Amino acid sequence: MIQIQNLVKRFGSKYAVDDISFFIDEGEIVGFLGPNGAGKSTTMNIITGYMSSTSGTASIGGIDILENPTEAKRLIGYLPEQPPLYTDMTVKEYLNFVYELKGCKLNRKKHLEEICEVVKISDDYKKGRIIKNLSKGYKQRVGIAQALVGNPRVIILDEPTVGLDPKEIIEIRNLIRTLGETHTVILSTHILSEVQAVCDRILIINSGKLIADEKTENISKMIEGSRRLNARICGPQRDVLRVLRSIGEITTAEVFGDREGDSFVYAIESSAGVDIRKPLFYTLAKNNMPLIGLEQQGTNLEDIFISLVDKKQSDKPKKASGAPQFDVKPAYDIKLPESADIGSDADGAPETTEEDNNK
Amino acid sequence: MTAIYKREMLSYFTSPIGYVFIAVFLALNAFIFSLFTLMAGEDSSVGSYFMMVMFIFIILVPLLTMKSFSEERRMRTEQLLLTSPVSLFGMVFAKFLAAFTMFGGTFIFGSIFNFATLYKYCEEPNTAVLISDSVGILLIGAAFVAIGLFVSSLTENQLVAAVGTMGILIFLLMIGMLTQYIDSYIFRTILNWISIYSRFGNFSYGILDPATMVYYFSICFVFMFLTVRIYEKRRWS
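Visitor: Honestly, the overall build of chain B in this entry has me stumped. Any pointers?
Guide: The helix and strand tally for chain B stands at 12 helices and zero strands. Going residue by residue from the N terminus, the α and β elements of chain B occur as α-α-α-α-α-α-α-α-α-α-α-α. Each principal axis of the C-alpha distribution contributes one length, and for chain B these read about 60 × 45 × 30 Å. Residues classed as buried in chain B amount to 52% of the 237 residues present.

Visitor: Looking at this model, I keep getting lost on the side chain of Ser53 of chain A. Mind explaining?
Guide: Inspection of the secondary structure puts Ser53 of chain A in the loop between helix 1 (40-47) and strand 4 (55-60). Taking the relative accessible area as the measure of exposure, Ser53 of chain A reaches 5% and is therefore buried. A distance of 3.3 Å separates a polar atom in the side chain of Ser53 of chain A from the backbone oxygen of Gly56 of chain A. With residues up to four places along the chain from it excluded, the contact list for Ser53 of chain A reads Leu7, Val8, Lys9, Ile46 and Leu66 of chain A together with Trp236 of chain B.

Visitor: For this particular structure, what's the right way to read the side chain of His183 of chain A?
Guide: Residue and element names in this part refer to chain A. By the secondary structure assignment, His183 is in the loop between helix 7 (166-182) and strand 8 (184-189). Judged by its relative accessible area of 9%, His183 falls in the buried class. A polar contact of 2.9 Å, which involves the side chain of His183, links it to the side chain of Thr182. When neighbours within four sequence positions are excluded, His183 is seen to be in contact with Gly27, Glu28, Asn151, Pro152, Arg153 and Ile155.

Visitor: What is the right way to look at the sheet that holds strand 6 (residues 76-79) of chain A in this model?
Guide: All names here are of chain A. Pairing is mixed in the open sheet, where six strands are placed in the order 6-7-8-3-9-10. Single-partner strands in this sheet number two, and they are strand 6 and strand 10 (209-215). Pairs of neighbouring strands in the sheet enclose a mean axial angle of 15°, with direction left out of account. Taken strand by strand, helix 1 contacts strand 3 (29-33), strand 6, strand 7 (154-158), strand 8 and strand 9 (201-206), and its axis lies near 150° from that of strand 8. Each of strand 3, strand 7 and strand 8 touches helix 7; the most contacted strand, strand 8, lies at about 150° to it.

Visitor: Looking at this structure, how should I read unusual backbone geometry?
Guide: Residues apart from glycine generally show negative phi values, whereas peptide bonds are mostly found in trans. Unusually for a residue other than glycine, Asn288 of chain A sits at a positive phi of about 60°. Locating Asn288 of chain A in the fold gives a position in the loop between helix 11 (277-286) and strand 14 (291-296). Judged by relative accessible area, Asn288 of chain A falls into the exposed class, the value being 67%. At Arg76 of chain B, a residue that is not glycine, the phi angle is positive and equals roughly 65°. Checked against the element boundaries, Arg76 of chain B lands in the loop between helix 4 (70-74) and helix 5 (78-82). According to the relative accessible area criterion, Arg76 of chain B is partly exposed, its value standing at 34%.

Visitor: Please clarify how the sheet that holds strand 2 (residues 14-24) of chain A should be interpreted in this entry.
Guide: Pairing between the strands of a sheet comes from backbone hydrogen bonds, and it takes one of two forms, parallel or antiparallel. Residue and element names in this part refer to chain A. Pairing is antiparallel across the open sheet formed by four strands, whose spatial order is 2-1-4-5. Each of the sheet's edge strands pairs with one partner strand only, and the pair in question is strand 2 and strand 5 (63-64). Bridge analysis of strand 1 (residues 2-11) against strand 2 gives eight bridges, and the strand direction is antiparallel. Its bridge partner lying in strand 2, Lys9 is registered against Val17. Contacting strand 1, strand 2 and strand 4, helix 1 runs over the sheet at an angle of about 120° to strand 1.

Visitor: I tried to follow the packing of helix 3 (residues 47-65) of chain B against helix 6 (residues 88-121) of chain B on my own but got confused; where do I start?
Guide: Residue and element names in this part refer to chain B. Interhelical geometry of helix 3 versus helix 6 gives an angle of 145° and a closest axis separation of 11 Å. The crossing of helix 3 and helix 6 is right-handed. Contact with helix 3, carried on its side by Tyr49, Phe50, Phe57, Val61, Leu64 and Thr65, involves Ala99, Met102, Phe103, Phe107, Asn114 and Phe115 of helix 6 and no other residues of that element. The residue inventory of the contact of helix 3 with helix 6, partitioned by class, reads 10 nonpolar, two polar and no charged.

What counts and what doesn't
Residues numbered from 1 in each chain as written. Chains lettered and ligands numbered in written order. Predicted model: local features only at pLDDT ≥ 70, side-chain atom pairs only at ≥ 80, totals over all residues. Heavy atoms only, no water. Helix = DSSP H or I, 4+ residues; strand = E, 2+ residues; numbered from the N terminus. Buried < 20%, exposed > 50% of the residue type's maximum accessible area, 1.4 Å probe, protein only. Polar contact = N/O pair within 3.5 Å; in protein donor to acceptor, adjacent residues only side chain to side chain. Contact = heavy atoms within 4.5 Å. Pairing = 2+ DSSP bridges. Axes fitted to C-alpha atoms, helices over the stretch in contact; angles between N-to-C directions. Left-handed = near helix turned anticlockwise from the far one by under 90°. Nonpolar A, V, L, I, M, F, W, Y, C, P; charged D, E, K, R; others polar.

What follows is the structure, given as structure tokens:
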């Protein structure tokens, strides 16, 4: 359905997209995953014909976007990063405009009402609300509705859940999954759990390069290796650390801060494939250090990058010096509900980690 | 294309711009008409009215065109237009037509009253001159609209678009007036050739000169073409 070949986009001397190739089959839900500025939006802008590539080709349903843009664009519904809304129009006027703009030939009233039903904006549609008065979440929904007008075969959503509240995020994810039953969907995000929840296949992009193209299960397997726990343990810090480090399977143990009474949170990592929760409990109990909270940490995008880049490096013959070193691990990760963000959210993490990843 | 045209027309009337444009245009138009024809008193000549009315376009045309592309760019709505199955020229032409509809419509509406007054109170107005002058004004307006759209496509800022358009329009009208002070024959001819103002002469004699009409059409086309090129260039860089 979508064929991308050796796509390159250069802004001046900077490569925003650097030789990316992939193929997406009809009916797949594919997630573009990568930190901000990785080239996700640029790739999507090229697929949708908003930008031209410096070299390489993109075709949709066999139609090259540069050679026959009008026909190719007919197959695509696109929600850009910032929803393209005319804020002085009502929802109804806007969707009617998009309907005419795309030259649809479906039953207009029924089609638009169905779309509003799906994205849950029927009320705003019927009551003639002006778009600028809607909340961010509802604007986003109108943006998605816009992409669905004309029932295009391919739906491309650029960060569809940014700025939504948790309930809305879940709703939008469900919506995307439903859409995936009848459409080819590409979505981009920098949230790992989002692609895991929604997509069949994950394309990981970093610094304009495609560093992984895997089925979601494979990515999930890849990241199960490391085990991280956050444990809240009562007792004096130094003693607790000494006890923790005495447990053989634990590779690192650090204080996470966050005092509560006489307890602290400790970030604990164990070697791959070992469940240390039981030994941890017994050891602490024996030392009279009550374990009052235990939380399993999800793996975040950063870990995937580390493991992927490590994997690539070990695949290749040893590189000369100057290859990025990834032995600097963040002291801790902040666990966000439903998500694990890379980058800016890891306040206090050593700066070097982020920089190294972006190299 | 019709979708974009309809939306543009709607946007003139969902914001104050359309109303302000129509009101100010009609008021100034009527004022200048009274001052230079009805109150001039000598005869029913309309030559100086048509020459003067052009100057209000300097302020009013930018009002119509300043938003056209700069607002789309600022609000990122151009992403919708550029990723939908519409050609770039179709998009530019639709916006041109909408702005021109506003301009031409208001001018014709105002003229109905002006000319009715003229026929009632003055002796034997020259109908041929009225028609050719009006056609000339519409063509000049179209050229100005095309120029305004082009400037609007260059910037995200409406104010810059408006002031830039005003600058270009003033320049185009002024060079025609400057020519009489210039001694060099070649330089004067060149300035006369690009001057929108001096080309207008033929219309005021009641002649629908095809060469002049082609000249104004060409200006429209060239600036619409340049606008398309601006979009093409932005897509590539």
